[in-house]
Amino acid sequence: MVKMHPGAGPHDPQVVVLFGATGDLSRRKLLPGLFHITQEDNDLIPGCRIVGVSLDDMTREEFVQFTHDAVHEFYSRELDHSEWDEFDDWLDYIPVSAGPEALAAAVARAETQLGEGVRRLHYLSVPPKSALDAITMLRDANLIERSRVIMEKPFGTDLESAVKLNEQVHNIFAEDQVFRIDHFLGKEPALNILAFRFGNGLFEPIWNRNFISHVQIDVPETLGIEQRAGFYENTGAYRDMVVTHLFQIMAFIAMEAPTALEPNAIREEKNKVFRSMQMIDPSDVVRGQYSGYRSVDGVDPESDTETFVALKVNIDNWRWAGVPFFLRTGKRMPEGQRIVSIAFHEPPQSMFPANSGIGTQGPDHLTFDLADSAKMSLSFYGKRPGPGMQLDKQSLQFAMHDTGLAGDVFEAYERLILDAMKGDHTLFTTAQGIERLWELSQTLLDSPTPVRKYEPDSWGPNAIHQLIAPHAWRLPFEREWRDPNVTGE
Ligand code: BG6
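**Student:** Any details on the nonpolar core? Residues and values, ideally.
**Tutor:** Counting 145 residues, the largest nonpolar core has Leu103, Phe247, Phe325 and Phe368 as its most contacted members. Examining the composition of this core, we find that 13 residues originate from one element, helix α9 (residues 236-254), more than from any other. Excluding residues within four positions of it along the chain, Phe325 makes contact with Val215, Met250, Ile253, Ala254, Leu311, Lys312, Val313, Ile315 and Trp320.

**Student:** Describe the pattern of salt bridges, and please don't skip the residues or the numbers.
**Tutor:** Counting across every chain of the model gives 24 salt bridges. Glu256 serves as the salt-bridge partner of Arg319, at 2.8 Å between the closest nitrogen and oxygen. Within this pair, whereas Arg319 is found in the loop between β9 (308-313) and β10 (325-330), its partner Glu256 is found in the loop between α9 and α10 (263-276), the two being separated by 63 residues in sequence. The class of Arg319 is buried, set by a relative accessible area of 14%. Through salt bridges that share partners, Asp24, Arg27, Arg28 and Glu73 make up one connected network.

**Student:** Explain the packing of aromatic side chains to me, and be specific about the residues and the numbers.
**Tutor:** Taken as a whole, this structure holds 17 aromatic pairs when the rule is applied. Note on Phe63 and Phe66: the rings are 6.3 Å apart at their centroids and 15 degrees apart in plane angle, and the pair reads as stacked. Remark: Phe66 and Phe63 occur in helix α2 (residues 60-74); sequence separation between them is three residues, near one turn of the helix. Side by side, Phe63 and Phe66 carry an identical accessibility label, which is buried.

**Student:** Describe in detail the side chain of Glu204, supporting the description with residues and values.
**Tutor:** With respect to the helices, strands and loops of the structure, Glu204 is situated in the loop between α7 (188-198) and β7 (212-220). Here Arg319 takes part through its side chain, which lies 3.1 Å from a polar atom of the side chain of Glu204. Excluding residues within four positions of it along the chain, Glu204 makes contact with Arg197, Phe198 and Arg319.

**Student:** Tell me about the packing of helix α6 (residues 159-172) against helix α12 (residues 431-446), residues and numbers included.
**Tutor:** One way to put it is that α6 packs onto α12 with a least axis distance of 8 Å and a crossing angle of 160 degrees. Considered as vectors, α6 and α12 are oriented roughly antiparallel to each other. Both α6 and α12 take part in a crossing whose hand is left-handed. Here α6 contributes Leu159, Ala162, Val163, Asn166 and His170 to the contact with α12, which in turn contributes Ala431, Glu435, Trp438, Glu439 and Gln442. Here the residues of the contact of α6 with α12 sort into five nonpolar, three polar and two charged.

**Student:** Give me the sheet that holds β10: which residues, what numbers.
**Tutor:** Here nine strands make up an open sheet; going across it, the order is β14-β13-β12-β11-β7-β10-β9-β8-β15 and the pairing mixed. Each edge of the open sheet carries a strand with a single partner, namely β14 (391-399) and β15 (451-454). With strand direction ignored, the average angle separating the axes of adjacent strands in the sheet is 20 degrees. Examined bridge by bridge, strand β13 (residues 375-383) and β14 share nine bridges and lie antiparallel to one another. Bridge pairing links Lys383 to Leu391 in β14.

Conventions we followed
- Residues numbered from 1 in each chain as written.
- Predicted model: local features only at pLDDT ≥ 70, side-chain atom pairs only at ≥ 80, totals over all residues.
- Heavy atoms only, no water.
- Core = buried A, V, L, I, M, F, W, Y, C linked by side-chain atoms within 4.5 Å.
- Buried < 20%, exposed > 50% of the residue type's maximum accessible area, 1.4 Å probe, protein only.
- Helix = DSSP H or I, 4+ residues; strand = E, 2+ residues; numbered from the N terminus.
- Contact = heavy atoms within 4.5 Å.
- Salt bridge = Lys/Arg side-chain N within 4 Å of Asp/Glu carboxyl O.
- Phe/Tyr/Trp six-rings, centres within 6.5 Å; stacked < 30°, edge-to-face > 60°.
- Polar contact = N/O pair within 3.5 Å; in protein donor to acceptor, adjacent residues only side chain to side chain.
- Axes fitted to C-alpha atoms, helices over the stretch in contact; angles between N-to-C directions.
- Parallel < 35°, antiparallel > 145°, perpendicular 65-115°, else oblique.
- Left-handed = near helix turned anticlockwise from the far one by under 90°.
- Nonpolar A, V, L, I, M, F, W, Y, C, P; charged D, E, K, R; others polar.
- Pairing = 2+ DSSP bridges.

Pasting the structure below:
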């Protein structure tokens, strides 16, 4: 058999113990992702069994049916039904109420089927308050040896709870067994930021305060809260998206060149960015809540939870002093986008007359679109054909789609689960990094700015414009991305 992804998977067979197995993330991403990476054709893992665990009192058969439905609904590739028939034999299920002995017995059964050298991967897809119960159950089931544990964010809800959680985790697992997942870092286009920055000589010399005026990281979502009110009410947009995903992407944009593509080197450079960040100042933060949120089932009718947040971040080091990073994310917004936009300084003087169009469409930009299939664009002013000297914004664009390789893209969870199985920490966050981010957030968490209402399908409360002035938000785009399938004349 041809190896499709040589060296991409672990050498040892794996038993995955999936806590929160019947939850939303498991249904949409983890079970379909495990299905994909265990396919024989991919030749990624020498053998795998999955033991689902959750509070639901289900039988194994019911869990197999649940997984079947999840894979059929959410698998992003073409499904070969014979592959499914094999996969369902690899599944088992233990309700939490059955206790640690039952879990130990299920894992032992799975290990017997897999033979020698089996490793365990525990995936805690549970809210922070349940993470400890899951870890305690694993300890009582004697499943700590030969194991690694993936923890879902948020890692605590503030500095104190994060420190406490880390201490409690460290009582049971050594730090090198712990993988704190931030799925944005497993997205192919996020990794492409590293390739782009450190694989080329062209942009790195201008990647600093002398050339860059400001940076935007903008992740609007059209989704509302749906069935997640219980989680979201206690979390809100800042903890759910900013402390985790947006700050992590910011670190990829802002960090110095690591000495090697190797976990410690990359994590150290990211942590240096976090150390250089200034405390988040509440007056640099706009919190919003969409009209109608308070009537969602499970939401407090007087809820103060933000479903939108925009903020300005300052990184106080030689490369970035004076270059604001503007971050924005929210639910029920008009478009789902994941954009990083680097705005370059405008020329110091213009020879073009005021009515030539110069500067009317913002400064020149480098834009990364972190959609599943990556796109990038470099926009600049150029001459409009014809008489006179009119300038238009034009752009060079790249779409992964054009390469014909878009189908090879691994989903973030697939890649990160494989990395954790291999023991590779490169794309996972450290206890130290997380604690620093909570520390920087403490003033805001202690005295949050009031939430302002915004209408669903809008870009957030009006105050976002003051926050970014004299600049402007890139989204909504004035020009569409070119459709890669359509060739111009
Ligand atoms: C999750 C958040 O971590 O990321 C969700 O909890 C959010 O609220 C999601 O919708 C966005 O991730 P993606 O990959 O769907 O853009």
